[in-house]
Amino acid sequence: MGVSEVENGINFAIFSQHATAVTLCLSLPKREKLDWQDGGMIELPLDPRVNKTGDIWHICIEDLPRSEVLYGYRVDGPRDWHQGHRFDSSIVLIDPYAKLVEGRRHFGDASAKLSKFLGTYEFESLPFDWGDNYKLPNIPEKDLVIYEMNVRAFTVDESSGLDPEIRGSYLAENNFSVFGITLKIPHLLELGINAVELLPVFEFDEMEFQRRRNPRDHMVNTWGYSTINFFSPMSRYAGGGGGPLKASWEFKEMVKALHGAGIEVILDVVYNHTNEADDANPYTTSFRGIDNKVYYMVDGNGQLLNYAGCGTPSALVNCFLFTSLKNFFTSCNVGTYNSLLAIPSTTQRNTLNCNHPVVMELILDSLRHWVVEYHVDGFRFDLASVLCRGTDGSPLNAPPLIRAIAKDAILSRCKIIAEPWDCRGLYLVGKFPNWDRWAEWNGKYRDDLRKFIKGDPGMKGILATRISGSSDLYRVNKRKPYHSINFIIAHDGFTLYDMVSYNYKHNEANGEGGNDGCNDNFSWNCGFEGETDDASIKALRSRQMKNFHLALMVSQGTPMMLMGDEYGHTRYGNNNSYGHDTAINNFQWGQNDVTWHEDNWDNYDSKFLAFTLHDNNGADIYLAFNAHDFFVKVSLPPPPPKRQWFRVVDTNLESPDDIVPEGAAGTGSTYNLSPYSSILLEAK
């Protein structure tokens, strides 16, 4: 499937069971612009007598360039909507198996918001060099500490100190400069995390909200839960508008650098729906026009079924079903459940037909591709309960796709994590079909911890259960506590700071009249709604944030924290900030200031590093690492006013003097750091 290089040329292959005509469209290099937008494409109709085997349409072309070719397909077929078909041969479609996708080059470029997307390929480049000493981290599941983050938002803010050309890119995560490897990855290591869970990095159209007039046409999709293609890395995460091939190379460099630091890479993947929207406002780019009836769930009248509930004029139904009906759906009998499936949803969206054999193989091929080609370590499956539904939408006890992922040989080393609910009430926390392999986002852990720590009565017993591994959910068969992904905060919902600062969501900026986002947040503002100068309220909020984080980190299970919570990031009460490419979502490096005591970064032989982590309240921390085989006399920076340095850690000393939690006084203006040792000083 897709494009492959064979002995006598370049082969193109695409599936369509119901198509009556398929035309391959090509745009050849070199070009100053994407000339296919102006109709400048070579079109090759495929003869079904020669170029079709079963349901696969294919053609091999000789003497075609081995790179920089754009391609797509026009597909025609039955026009009967009531049979589930949506063919339209006027649209040039993306190959579902395209390994690279070309479109606009710069993220959020409003001047190119109507850009089209096509597949491309590359057979000329040498294989990526992973290095002779490269190895996978292979961290046991029981030892994972996950940091959920957005690639763009992590470094796009000016406070990151990066060159504007690489802010918000894969390159920014791993650039071999003062602002790359030596700043951003050490920040992750300082936190103590050993896995990053990246919000979607498959190709998506961040400008999709602006393609027509609507209440959300002021927003940019920064989260990426609207996939165009399941094989290609997001091309606008390439540095300097470098395009899809550069994005692919830089993504591998990022993975290589993170692995070199002992950090695994988990991808948040969206196989429950695509960007192609609904019948009212379709955005046809690929699957819909190739074979809608196969790729999407449709009812007996050929209408799209909706179990994903995303990208709609209002996500109110999404929240209502999730928060109000989840307990009912977990306890109702199958007959009652199936009768409720007939209730029409007021939201409109497509749902990928995941357990259709062709779609299932597409998903498996996609996952294998990211493991083999990009060396990723695992996947978190968005709205994974959708993947537990049959082709008619009914829940399956043993979903073929879920089983296949659990049993696949290539995926056997991967972490596989389910978000075990969907938007029509299939709430499977603790009950997700798992074959003793699948872990789950533990939504009950989140809710119960929030309730107890904000002071709700009657929660002590359930808190004990959650902290000790949620045995009521995971003590079955060979499941372990680490199959519970414990989290209090995730990308959707309040940040940690906002959870202790707001009783109510404040989503007016989203353009939906405040109707989007969940109303049930189990939050407490500590006595005042929003920002305040009251010192006692601010102190209480600080304690509550630390209470939450402490509980998370000592609980049995796998902890996950959200990017920005380490410094108290605020979205000012917006609990559904998917469409804001601003400081609302972007990591604020100025809130987590680091001073690097180094002016000799290019010295290859230097094995000494020292830096200060600054605290807004003056409780700075100084750290130094000496990997030389000789002593280094360190000149310490002045501590903040009215404070002095206390030695908390010196690994050269014998126990119990090596670690003194309360700190040992007497540190002067210099420190003689022993060979192969490190120190931590706290300003007190």
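Residues numbered from 1 in each chain as written. Predicted model: local features only at pLDDT ≥ 70, side-chain atom pairs only at ≥ 80, totals over all residues. Heavy atoms only, no water.

*Asks:* I tried to follow the pairing of strand β1 (residues 2-6) on my own but got confused; where do I start?
*Replies:* Taken residue by residue, a regular strand's side chains alternate between the two faces of the sheet. With five bridges joining them, β1 and strand β2 (residues 9-15) adopt antiparallel strand pairing. Following the sheet pairing, glycine 2 is matched in β2 by alanine 13. Where β1 folds back on β2, the antiparallel hairpin that results is connected by two residues. (Pairing = 2+ DSSP bridges. Helix = DSSP H or I, 4+ residues; strand = E, 2+ residues; numbered from the N terminus.)

*Asks:* It is not clear to me how the pattern of salt bridges should be interpreted in this structure. Could you clarify?
*Replies:* Opposite charge on two side chains allows them to pair when their charged atoms are near. The final tally for this structure, using the stated rule, is 30 salt bridges. In this structure, the salt-bridge partner of lysine 142 is aspartate 143, at a minimum N-O distance of 3.4 Å. For aspartate 143, a relative accessible area of 36% puts it in the partly exposed group. Among the salt bridges present, the one from aspartate 377 reaches arginine 413, with a minimum N-O distance of 3.2 Å. Here arginine 413 lies in the loop between α10 (400-407) and β14 (415-418) and aspartate 377 lies in the loop between α9 (357-374) and β13 (378-381), a separation of 36 residues in the sequence. (Salt bridge = Lys/Arg side-chain N within 4 Å of Asp/Glu carboxyl O. Buried < 20%, exposed > 50% of the residue type's maximum accessible area, 1.4 Å probe, protein only.)

*Asks:* Even after reading the chapter, I still don't get the side chain of glutamate 102, so can you show me in this structure?
*Replies:* Of note, glutamate 102 is situated in strand β8 (residues 100-102). Its relative accessible area of 4% is what places glutamate 102 among the buried residues. Looking at glutamate 102, its side chain comes within polar contact range of the side chain of arginine 105, at 2.8 Å. (Polar contact = N/O pair within 3.5 Å; in protein donor to acceptor, adjacent residues only side chain to side chain.)

*Asks:* Honestly, the packing of helix α5 (residues 287-295) against α9 in this entry has me stumped. Any pointers?
*Replies:* Each pair of packed helices gets described by two things: the angle between the helix axes and the distance between those axes. α9 packs onto α5 with a crossing angle of 120° between their chain directions and a minimal axis gap of 10 Å. Considered as vectors, α5 and α9 are oriented oblique to each other. Along its contact with α5, which presents Phe287, Val294 and Tyr295, the element α9 presents Val358, Val359 and Leu362. Taken together, the residues of the contact of α5 with α9 sort by class into six nonpolar, no polar and no charged. (Axes fitted to C-alpha atoms, helices over the stretch in contact; angles between N-to-C directions. Parallel < 35°, antiparallel > 145°, perpendicular 65-115°, else oblique. Contact = heavy atoms within 4.5 Å. Nonpolar A, V, L, I, M, F, W, Y, C, P; charged D, E, K, R; others polar.)

*Asks:* Any chance you could explain the nonpolar core here in plain terms?
*Replies:* General note: in soluble globular proteins, nonpolar side chains tend to be found buried as a group. Ranked by size, the top nonpolar core spans 131 residues in total, and within it Phe12, Tyr147, Val196, Phe251, Leu267, Phe379 and Phe381 carry the most contacts. The element that contributes the greatest number of residues to this core is α9, accounting for nine residues. Ile453, Leu463, Phe494 and Phe548 belong to the second largest nonpolar core, which has 20 residues in total. (Core = buried A, V, L, I, M, F, W, Y, C linked by side-chain atoms within 4.5 Å.)

*Asks:* Looking at this structure, I do not really get the packing of aromatic side chains. What am I missing?
*Replies:* Each aromatic ring pair is specified by the distance between its two centres and by the angle formed by the two planes. Inspection of every chain in the model, using the stated rule, returns 40 aromatic pairs. Considering the side-chain rings of tyrosine 170 and tyrosine 237, the 5.6 Å spacing of their centres and the 85° angle between planes classify their relative orientation as edge-to-face. Of the two residues, tyrosine 170 is situated in helix α2 (residues 170-174) and tyrosine 237 in the loop between β11 (195-198) and α4 (244-260); the sequence distance between them amounts to 67 residues. Each member of the pair tyrosine 170 and tyrosine 237 is classed as buried. When the ring of tryptophan 596 is compared with that of phenylalanine 611, the centres are 4.8 Å apart and the planes differ by 40°; the resulting orientation is tilted. Taken together, the positions of tryptophan 596 in strand β18 (residues 594-596) and phenylalanine 611 in strand β19 (residues 608-613) put the pair 15 residues apart, joining distant regions of the chain. Both residues of the pair, tryptophan 596 and phenylalanine 611, count as buried. Over the ring of tryptophan 589 we find lysine 184; its NZ or CZ atom is 3.7 Å from the centre of that ring. (Phe/Tyr/Trp six-rings, centres within 6.5 Å; stacked < 30°, edge-to-face > 60°. Lys NZ or Arg CZ within 6 Å of the ring centre and 35° of its normal.)

*Asks:* I keep staring at the environment of alanine 619 and nothing clicks. Help me out?
*Replies:* Secondary-structure assignment places alanine 619 in the loop between β19 and β20 (621-626). On a C-alpha basis, the gap between alanine 619 and isoleucine 485 in space is 32 Å, while along the polypeptide they are 134 residues apart. Apart from the residues within four sequence positions on either side, alanine 619 is in contact with Arg643 and Ala683.

*Asks:* I keep staring at α5 and nothing clicks. Help me out?
*Replies:* Because an α-helix completes one turn every 3.6 residues, residues spaced three or four positions apart along the sequence face the same direction. Among the nine residues of α5, eight are classified as buried, and the element is accordingly described as predominantly covered. Buried residues of α5: Phe287, Arg288, Gly289, Ile290, Asp291, Asn292, Val294 and Tyr295, and no others.

*Asks:* Help me out: how do you make sense of helix α11 (residues 443-453) in this one?
*Replies:* The buried count for α11 comes to eight of 11 residues, which makes it a mostly enclosed element. Taken residue by residue, α11 has Gly443, Tyr445, Arg446, Asp447, Asp448, Leu449, Arg450 and Ile453 as its buried positions. Where α11 begins, one side-chain oxygen reaches toward the backbone nitrogen of lysine 444, 3.2 Å away; that side chain belongs to asparagine 442. Positive backbone phi, at 105°, marks glycine 455, one or two positions downstream of α11.

*Asks:* Would you mind showing me how to read the packing of α4 against α9 here?
*Replies:* It is at 10 Å that the axes of α4 and α9 come closest, and there the two elements cross at 70°. The angle between the axes of α4 and α9 places the two elements in the roughly perpendicular class. Contacts from Ser248, Phe251, Lys252 and Val255 in α4 reach Trp370, Glu373 and Tyr374 in α9. Of the residues that constitute the contact of α4 with α9, the class distribution is four nonpolar, one polar and two charged.

*Asks:* Is there a simple way to think about the sheet that holds strand β3 (residues 21-27) in this case?
*Replies:* Sheet strands associate in pairs through backbone hydrogen bonding, adopting either a parallel or an antiparallel arrangement. If you trace the five strands from one edge of the open sheet to the other, you get β4-β3-β7-β9-β8, paired in antiparallel fashion. The outermost strands of the open sheet, each flanked by one partner alone, are β4 (42-45) and β8. For this sheet the average axis-to-axis angle between neighbouring strands, irrespective of direction, equals 35°. Alignment of β3 against β4, held across four bridges, turns out to be antiparallel. Within β4, the residue paired with threonine 23 across the bridge is proline 45. Taken strand by strand, α4 contacts β8 and β9 (118-122), and its axis lies near 140° from that of β8.

*Asks:* Honestly, the confidence of the model for the protein in this entry has me stumped. Any pointers?
*Replies:* One rule of thumb: low pLDDT means the predicted coordinates there are not for detailed reading. Per-residue confidence for the protein gives a mean pLDDT of 89, with 91% of residues at or over 70. Predicted confidence is poor over residues 175-182, with pLDDT under 50, and the contacts of this stretch with residues over four places away or in other chains come to 19 contacts. In this model, residues 312-347 is a region of pLDDT below 50 whose contacts with residues beyond four sequence positions or in other chains number 61 contacts. (pLDDT = per-residue confidence, 0-100.)

*Asks:* Looking at this structure, I do not really get unusual backbone geometry. What am I missing?
*Replies:* Excluding glycine, residues mostly have negative phi values, and the peptide bonds linking residues are mostly trans. Backbone torsion omega between serine 655 and proline 656 reads 10°, so that peptide bond is classified as cis. Positionally, proline 656 belongs in the loop between β22 (645-650) and β23 (659-664). Its identity is not glycine, yet histidine 375 carries a phi of approximately 65°, on the positive side. With respect to the element layout, histidine 375 can be found in the loop between α9 and β13.

*Asks:* What is the right way to read the pairing of β9 from this model?
*Replies:* Burial runs high along β9: four of the five residues are buried. Where β8 lies against β9, three bridges are found, and the strand directions are antiparallel. Pairing of valine 101 across the sheet is with glycine 119, part of β9.

*Asks:* How should the sheet that holds β20 be read in this particular structure?
*Replies:* Across the sheet, six strands lie side by side as β18-β19-β20-β25-β22-β23; this open sheet has antiparallel pairing. With one partner strand each, in any of the chains shown, β18 and β23 form the two edges of the open sheet. Mean inter-strand twist for the sheet, computed between neighbouring axes without regard to direction, equals 15°. In terms of strand pairing, β22 meets strand β25 (residues 677-683) through five bridges, oriented antiparallel. Bridging from a neighbouring strand, phenylalanine 646 pairs with glutamate 682 of β25.

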